[in-house]
Amino acid sequence: MLRPVAIVARKVQQTYPENNASGFRKPEHIAGRPMFPKLMSGVYLTRHGGPDALEWRDDIPVPSPGAGEVLVKVLAAGVNNTDINTRIGWYSSEVSGATEDMTGGSDVEAGGWGGTIDFPRIQGGDICGRVVALGDGVTTVKTGARVTSQINIPRPTLDNPFAFVALGSELDGAFAEYCLLREDEVFDVSASSLSDEEIAAIPCGFGTAHNLLVRSGVREGQKILVTGASGVVGLAAVQLATLLGARVTGIAAEEKSGIVQQSGASETLPRSAAIPTEEYDVVIDVVAGDIWPDLIRSLKPGGRYAVSGAIAGPIVEADLREIYLRDITIHGCSFMSRAVFLGLIDLVISGRVKPIIARTYPLRDIAEAQADFKSKKYAGKLVLLP
């Protein structure tokens, strides 16, 4: 269970006592390289389970960058469904229900993106941070740069060109004061006018949405249906598809239809509404569940369905005739190349995208933030501040 712990210090630039119980020391320089606190504050995921599986700690060792790595001081970290899914073990093949119906349990195995997780794990796939130290051989990243990273970091192999590792699942992520990343896996966003909180809203929400649109080939003039349109990925998909010149219909709760339309949707459908048949060129789906057959039927012949989530349930019923007789293409979208994410970063730096920040929380209030996320009472991004 999260427990309140006084944090002795936050910034290495501040004056620190020479030694104290939290392990912080006054920064020094050896051969021109800064020394950092040995310990940091953050949140450990100790097992699969409910919020009590999250443990606030102020004695987490600060990672040291090795060759080709950079140490990033976390400025802001986004809250995502994937963090909750990983905590409760929803990615395990043992689980068949909706995310909201599952409280999580330590008996679930292989509950991370890539299977079994090494506990304790620092979660947090959405990061905005400042580079504070470089490992040997780093030449393309400078100290002081404001950076972000993909949540699903591509590491393709000859055997699996779609291989990736997930920040906060297979790798320690942003729910701590510092995070270690590879030089070639960070993106410099120093030139962006977006705030730290807005940058932290980019990797998962906008990254997932951008990948769905790229993989399904959305282009100007097409009609697009977006499920979960008031959620983090949905709002990003609406904004990005509109930017491409598509005409977007979003499925959302009626009380949130206004913010969906403000993001660019030409119309919204209530969740209970009938979905038109053979109306859309592309369906962007992060919901699935019982409406899945209707989503397939809503596509025009030759249409494309792209999925990167199943919060209403991963087990669906399909009539394959409705797929092959109408030449429907299905895209499963988790892997994203660096080049595709770089296209999104270009939009960020040019000021063409603008995340909606609903609320911010101190990192120690992660349980409250995740509860608010699950409640769906906010439209927009929830962000944690270490």
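Below is a short write-up of the structure. (Residues numbered from 1 in each chain as written. Predicted model: local features only at pLDDT ≥ 70, side-chain atom pairs only at ≥ 80, totals over all residues. Heavy atoms only, no water.)

### Things to note about the sheet that holds strand β13 (residues 247–251)
- Across the sheet, six strands lie side by side as β14-β13-β12-β15-β16-β17; this open sheet has parallel pairing. A strand with exactly one partner marks an edge of an open sheet, and here the two such strands are β14 (267–269) and β17 (329–332). Between one strand and the next, the sheet's axes are offset by a mean angle of 20°, whatever the strand orientation.
- In this sheet, β14 lies alongside β13 in parallel orientation, the contact comprising three bridges. Paired with isoleucine 251 across the two strands is leucine 269, which belongs to β14. (Pairing = 2+ DSSP bridges. Helix = DSSP H or I, 4+ residues; strand = E, 2+ residues; numbered from the N terminus. Axes fitted to C-alpha atoms, helices over the stretch in contact; angles between N-to-C directions.)

### Here's the deal with helix α9 (residues 366–375)
- The complete set of buried residues in α9 reads Ile366, Ala369, Gln370, Asp372 and Phe373. For α9, the arc enclosing every buried residue in end-on projection is 160°, short of the 170-degree limit, so these residues lie on one face.
- Looking at the buried positions of α9, the neighbouring elements they touch are β3 (39–45), β4 (54–61), α1 (81–88), α4 (232–243), β18 (357–362) and β19 (381–385). (Buried < 20%, exposed > 50% of the residue type's maximum accessible area, 1.4 Å probe, protein only. Arc of directions from axis to C-beta. Contact = heavy atoms within 4.5 Å.)

### Notes on the pairing of strand β6 (residues 126–134)
- Most of β6 sits inside the fold, with seven of its nine residues counted as buried.
- Relative to β6, strand β5 (residues 69–78) is paired through eight bridges, and the arrangement is antiparallel. Considered in β6, the bridge of lysine 73 is made with arginine 130.

### Topic: helix α3 (residues 202–215)
- Its 14 residues give α3 an end-to-end C-alpha distance of 18 Å, which sits within 8% of 20 Å, the value for a rise of 1.5 Å per residue.
- By the criterion of burial, α3 is predominantly enclosed, with twelve of the 14 residues buried.
- For α3, the full list of buried residues reads Ile202, Pro203, Cys204, Gly205, Phe206, Gly207, Thr208, Ala209, His210, Asn211, Leu212 and Leu213.
- Where α3 ends, the next residue or the one after it, glycine 217, has phi of about 70°, a positive value. (Expected span 1.5 Å × (residues − 1).)

### Things to note about the environment of leucine 225
- With respect to the helices and strands, the residue leucine 225 is situated in strand β12 (residues 223–226).
- For the pair leucine 225 and glutamate 279, spaced 54 residues apart in sequence, the C-alpha separation works out to 9.0 Å.
- Contacts of leucine 225, omitting those with residues within four sequence positions, involve Thr249, Ile251, Leu269, Ile275, Tyr280, Val282, Val283, Ile284, Leu295 and Ser298.

### Description of empty space enclosed by the protein
- With the rule as written, the count across this model stands at two cavities of 30 Å³ or more.
- Considered as a void within the structure, the largest cavity measures approximately 90 Å³ in volume.
- Lining the largest cavity are 13 residues; nearest its centre among them are Phe206, Val232, Leu235, Pro355 and Ile356.
- Within the residue set of the lining of the largest cavity, elements represented by two or more residues are α3 and α4. (1 Å grid on protein atoms, 1.4 Å probe; cavity = no way out; pocket = protein on both sides within 12 Å on 5 of 7 lines; lining within 4 Å. Points joined across faces, edges and corners; volume = space filled by probe spheres on them.)

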